[in-house]
Each structure stands twice: as structure tokens, then as C-alpha cells.
Amino acid sequence: MPSQKKGKIQNELNPRTTEYEFLGPPGAFLITFGVPLTVYALFFGCSESSGGCPPPLASIPERFTTALSDCAFWSNLWDTQAALIYLAWYAFCVVAWTILPGDWVEGVTMRTGEKKKYKINAFSTFLLALGLAVGYIYRNGPQSFTFLYEKWVGFVTASLVMSVAQGLAVYVGSFRKGALLALGGNSGNFIYDFYIGRELNPSIGSFDIKSFNELRPGLILWTLVNISMACEQTVRTGGVSDAMWLVLLFQGWYVADGLYNEPAILTTMDITTDGFGFMLSVGDLTWVPFVYSLQARFLVFRPVELGSGLYQYFDNESQIPRYLGVLSILFVNALGYWIFREANGEKNDFRNGKNPKNLQYFTTESGSKLLTTGWWGRSRHPNYFGDLVMALAWSLPTGFTTPVTYFYVVYFTVLLVHRQRRDEEACEKKYGKDWAKYKKMVPYRIIPYVY
Ligand code: NDP
């Protein structure tokens, strides 16, 4: 085909982005700097070395100026050993992706009419990493695996360097001929496109960079970070508290569930619509492992024993109240998980041509169908509701001595409300008046009868 014609097809496939999200380049700029600063702030505002969680308000200005003039503070930001361990971890994930067997599953049809194939072996990578870590701790003792706690800031910096490097590399790579760009990432503004992600599916051969980062190096590291926190607690107190066990169990289960259901991400907005840029790289590699593990890190220096704490309120010998705290938090998490799994399961089944619960639906003009009973008849994003209930269960084990450990609940609410709006804008474009009809039938956005 003549190169002029090729270029024309390329331009038609990759139209200029004319509508901004996240308040455009100023918003992208603020988030690009705000995310790393927040990750550090959550450490310096909630750790034993900085004086508590949060440190006494009056001491913050003084602590801040002292920290900035302190050489140790700056040298802690970069830790070569942590950076090398992080690099080895990333390399381990790549090698595991390469050598572990896995089915190749097709993603959704892209604008080119093609379907990409993805290797499904995130869960076996998780099992391998978990097995190696547990074996290592069993052999060498819990003190051998506390380095993630000790070198926290160094690991955060290492993951940030990786996020920026990848963000820049895929941005530069997106200018090569033939790259399929994200519809929302081709504005021509460097700050915005670097942040939001210019290329839809940057790959090296059959290695898809976006889906790899989404599920492996950050998500699995989150579980390993939590295990490291439990090891640190064991070294200090001689055991793992019930509160720490709950956090380990809930978050570990969530990660395992996401990895076990790996093909489900192929239909999410991140994979089908968003480009891969700094927003996803920093979210996957830094935010998930080092912010989502805040509760476990907090429990290291402020251990909570839910059972014994509650027991003090009962003066009889009965063991039932002793476990009331643990049981109620287990219940909240189970409820959230049940809603999350049922809702995602109903939609996945339905999108794969199955309807085992005989749910009602209507056919839109585009030919695609929308469920109107079951969880998708109770709210338009019931899966987000389940996710939010679980988020609460993950913070409850830290007790009520500080609001900081509830940061995840607040942040996640903002994220999901924003995500619901983005998704519905896309659905409005896709389904037109059929979406308005669905909204009338299902008036609640996320929480049935509330929001
Ligand atoms: P969703 O799984 O919520 O899917 C949204 C899509 O579902 C819509 O675009 C539409 O696509 C389809 N849909 C909407 N209504 C209906 C209906 N009535 N019947 C059938 N299909 C419908 O997308 P997300 O990617 O946002 O979320 C996936 C999961 O990931 C969620 O459980 C979410 O909570 C979780 N998540 C977790 C995060 C974390 O950091 N822990 C971050 C973000 C998400 P179409 O019609 O084209 O099929």
C-alpha cells in the first residue's frame, strides 16, 4: 500500500483527542506530582520514625524543616540495595511470565478489527512468588523478610523511578509508525498524553506491557509487603496479631481472586480504552503496593488485638464476645466480597453468552444487551459497591485511634465515583437513548437506594 494511503488510514484510526479528562493538562500535571508526594506523605505522616500516625499537629512544621535540612532524610530517599532488590523482583515477574505455562486468551476486538492475545499465568506467578517467600521465611526466620518495612522509602523511590521510566519509554515509543493510540491519549500535549497514556497497548513482541503491569509486579508485591509487615510484627512481639491476620487474609484473598480471574481484566476500561501512561504505571507499580498496604504497616507500630480488646468489656468467662470484633469484621468483608463476586460474575457470564440465573435484560439498538435484574438491576455499578464494603473491612482492624488508616476508604470512594462517571459517559456514547432508558429502570449509581 502506498505510504500516503497508509498514513491516511493511520490518522483515521488515531483521531486527535479534543476532550480532556482530569481537568486537562493542569490536572494531569498536579496528579503526576501529587501521587508520588502523597505516597511519601503517607509514610512521613504515619510511621513510628516520624512521630506517630499522624504526628502531633504542632510538631509537623518543625519536623518538616528539620527533615529537609537533615542529610539522612535525603540519603534515605534513595537506597541502592532497595533499588536492586526491586529490579530483581521486576525481572522475576518478567521471567515468570515467560517461562510459566499459560493459555493465550483473546481480548476484545480493537479499532483495527484485530484481537490481541494475552498469556494467562498471573495466578501461577503469584503462587510461585508466595511459595518462594514463605519457604524463605520458614528457613531463615521472620527477621529475614523485614527488609520491605525497613527500607520502605527506598522501595517507594525505586518503584517510582520504574514508573516514570516506563511512562516515558511508552510515550516515546508511541510515536513509531503503526502504533494504535488510545482515543483519549492523543491530545498533542506532552504533559497530558504522558500522564493519561498515548498508546493503547504498548507491547514488546507478544509481551503486553499494560496488562503485565496491571496484575503482576505491583499487585503481587502488595501481598509480599503485607507479609513483610507481619514478619516485622512477629520479630517485635513474638507473633502476628488477629488484626494483622485479618488484613493479610482479606487483602491476600482479594489479590488471589483478581489474579485467578485474570481474563476478566481484558474487558475492563483500563485494558480496552485507557492508554498505558504514567497514570497506570504509577498506579500499578507504586500506589497499589505502597498505599494499599498502609493498614498492615500501621499495625506493625500500633498492634491491635481485636479479640482481647473487646474481651475487656465482658466480665464473664464466655469466649463468645472475645471474638465478636473479629467476627463482625469478617462478616463485613464476606458481605462485600459476595456482592463484588456475584455482580462481576453475573456480568461476565452474561457477556460470555451465559445467563444461569435467568436474569432479565433488554437488547439495545447497538445489538448489545443490558441486564436489568439481579445485581445490575439494583444499581448501575454494584461491583463498585462490593469493593467499597471490602475497603471498609480492610481498615476496621486498625481500630479507631486514627483516621489515617481509613485513607484507602476515602480515596477508593473518590476513585470509584469518578470511574463510574467516566464509564457512564462512555456508555452514553455507546448506547445513546438506550442508556437513558437503563438509567430510568436502574436509578442508583453505586449503592442501591442510597447513591
Ligand atoms: P465494570 O466491570 O464495572 O464494567 C463496566 C461495563 O459493564 C460498562 O462499560 C458496560 O460495558 C457493562 N455494563 C454496564 N451496565 C451493564 C448491564 N446492566 N448489563 C451488562 N453489562 C453492563 O468495569 P471496571 O473496569 O470499572 O471494574 C471492574 C472491577 O474492577 C470492578 O469490580 C471494580 O470494583 C474493580 N476495580 C478495582 C480497582 C482497585 O484499585 N482495587 C480499581 C478499579 C476497578 P459493555 O456494555 O460494553 O459490556
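The rules behind each value
Residues numbered from 1 in each chain as written. Predicted model: local features only at pLDDT ≥ 70, side-chain atom pairs only at ≥ 80, totals over all residues. Heavy atoms only, no water. Core = buried A, V, L, I, M, F, W, Y, C linked by side-chain atoms within 4.5 Å. Buried < 20%, exposed > 50% of the residue type's maximum accessible area, 1.4 Å probe, protein only. Domains from an automatic or database assignment. Contact = heavy atoms within 4.5 Å. Axes fitted to C-alpha atoms, helices over the stretch in contact; angles between N-to-C directions. Helix = DSSP H or I, 4+ residues; strand = E, 2+ residues; numbered from the N terminus. Parallel < 35°, antiparallel > 145°, perpendicular 65-115°, else oblique. Nonpolar A, V, L, I, M, F, W, Y, C, P; charged D, E, K, R; others polar. Left-handed = near helix turned anticlockwise from the far one by under 90°. UniProt positions renumbered as here; feature names shortened; annotations may be inferred. Near = heavy atom within 4 Å. Polar contact = N/O pair within 3.5 Å; in protein donor to acceptor, adjacent residues only side chain to side chain. Areas by Shrake-Rupley, 256 points an atom, 1.4 Å probe, with all protein chains shown as cover. Phe/Tyr/Trp six-rings, centres within 6.5 Å; stacked < 30°, edge-to-face > 60°. Lys NZ or Arg CZ within 6 Å of the ring centre and 35° of its normal.

Peer 1: Teacher, can you tell me more about the nonpolar core here?
Peer 2: If you look at soluble globular proteins, the nonpolar side chains tend to sit buried side by side. If you look at the biggest cluster of nonpolar residues, it comprises 116 residues, and the most contacted ones within it are Tyr86, Met229 and Tyr292. Three or more residues apiece are contributed to this core by two domains, here domain 1 (15-303) and domain 2 (314-451). The residues contacting tyrosine 292, other than those within four sequence positions of it, are Trp222, Gln251, Trp287, Tyr408, Tyr411 and Phe412. Listed in part, the six residues of the second largest apolar core include Phe22, Ala28, Tyr195 and Ile196.

Peer 1: Honestly, the packing of helix H2 (residues 24-44) against helix H8 (residues 152-173) in this entry has me stumped. Any pointers?
Peer 2: Working note: a packed helix pair is described by the angle between its axes plus the distance between those axes. Two elements in contact, H2 and H8, have axes whose closest approach is 11 Å; the angle formed by their N-to-C orientations is 175°. Between H2 and H8, the interaxial angle falls into the category roughly antiparallel. For the pair H2 and H8, contact is made by Pro36, Val39, Tyr40, Phe43 and Phe44 and by Trp152, Val153, Val156, Thr157 and Leu160, respectively. Residue composition of the contact of H2 with H8, grouped by class: nine nonpolar, one polar and no charged.

Peer 1: I'm lost on the packing of helix H11 (residues 219-237) against helix H14 (residues 278-291) in this one. Help?
Peer 2: Where H11 meets H14, the axes come as close as 8 Å, and the angle between the chain directions of the two elements is 25°. Between H11 and H14, the angle falls in the class roughly parallel. In this structure, H11 meets H14 at a crossing whose hand is right-handed. Contacts between H11 and H14 involve Leu219, Leu221, Trp222 and Val225 on the former and, on the latter, Val288, Pro289 and Phe290.

Peer 1: Whenever I open this one, the UniProt feature "transmembrane region" (unreviewed entry) in the protein confuses me. Can you help?
Peer 2: As recorded in UniProt, the feature "transmembrane region" (unreviewed entry) lies at residues 20-43, 83-100, 120-139, 151-172, 323-340 and 388-412. Counting secondary structure, residues 83-100 comes out at 94% helix and 0% strand; the distance between its end C-alpha atoms is 25 Å. As a span, residues 120-139 carries 90% helix and 5% strand, and end to end its C-alpha atoms are 31 Å apart.

Peer 1: When you look at the site of the ligand in this model, what are you seeing that I'm missing?
Peer 2: Around the ligand, 24 residues are found, and the nearest of them are Arg351, Tyr384, Asp387, Lys430 and Tyr431. Note that an oxygen atom of the ligand is positioned 3.0 Å from one of the side-chain N or O atoms of asparagine 344. In this structure, arginine 351 approaches the ligand through a side-chain N or O atom, which is 2.6 Å from an oxygen atom. Burial of the ligand by the protein chains amounts to 85% of its free accessible area of 930 Å². Counting only elements with at least two residues in the shell around the ligand, the list comes to helix H17 (324-351), strand E6 (369-371), helix H19 (382-395), helix H20 (407-431) and helix H21 (433-441). No other element matches the seven residues that H20 contributes to the shell around the ligand. Here the shell around the ligand is built from residues that sort into 14 nonpolar, four polar and six charged.

Peer 1: Can you help me understand the environment of threonine 80 in this one?
Peer 2: Residue placement: threonine 80 occurs in helix H5 (residues 80-99). With relative accessibility at 47%, the residue threonine 80 sits in the partly exposed group. A sequence separation of 38 residues divides threonine 80 from tyrosine 118, and the C-alpha atoms of the two residues are 34 Å apart.

Peer 1: Hey, could you run me through the environment of alanine 393 in this one?
Peer 2: Structurally, alanine 393 is set in helix H19. On the accessibility criterion, alanine 393 (0% relative accessible area) is buried. Ignoring sequence-local partners within four residues, the contact set of alanine 393 consists of Phe250, Ile329, Val332 and Asn333.

Peer 1: Would you take a moment to explain the packing of aromatic side chains for this structure?
Peer 2: The geometry of an aromatic ring pair is captured by two quantities: the separation of the ring centres and the angle between the planes. For the structure shown, the criterion picks out 42 aromatic pairs. On the basis of an interplanar angle of 75° and a centroid distance of 5.3 Å, the ring pair of phenylalanine 145 and phenylalanine 147 is categorised as edge-to-face. Linked through ring pairs, Trp222, Trp253, Tyr254, Trp287, Tyr292, Tyr337, Phe340, Trp394, Phe407, Tyr408, Tyr411 and Phe412 together constitute an aromatic cluster. The ring centre of tyrosine 451 lies 4.8 Å from the NZ or CZ of arginine 445, which sits over that ring.

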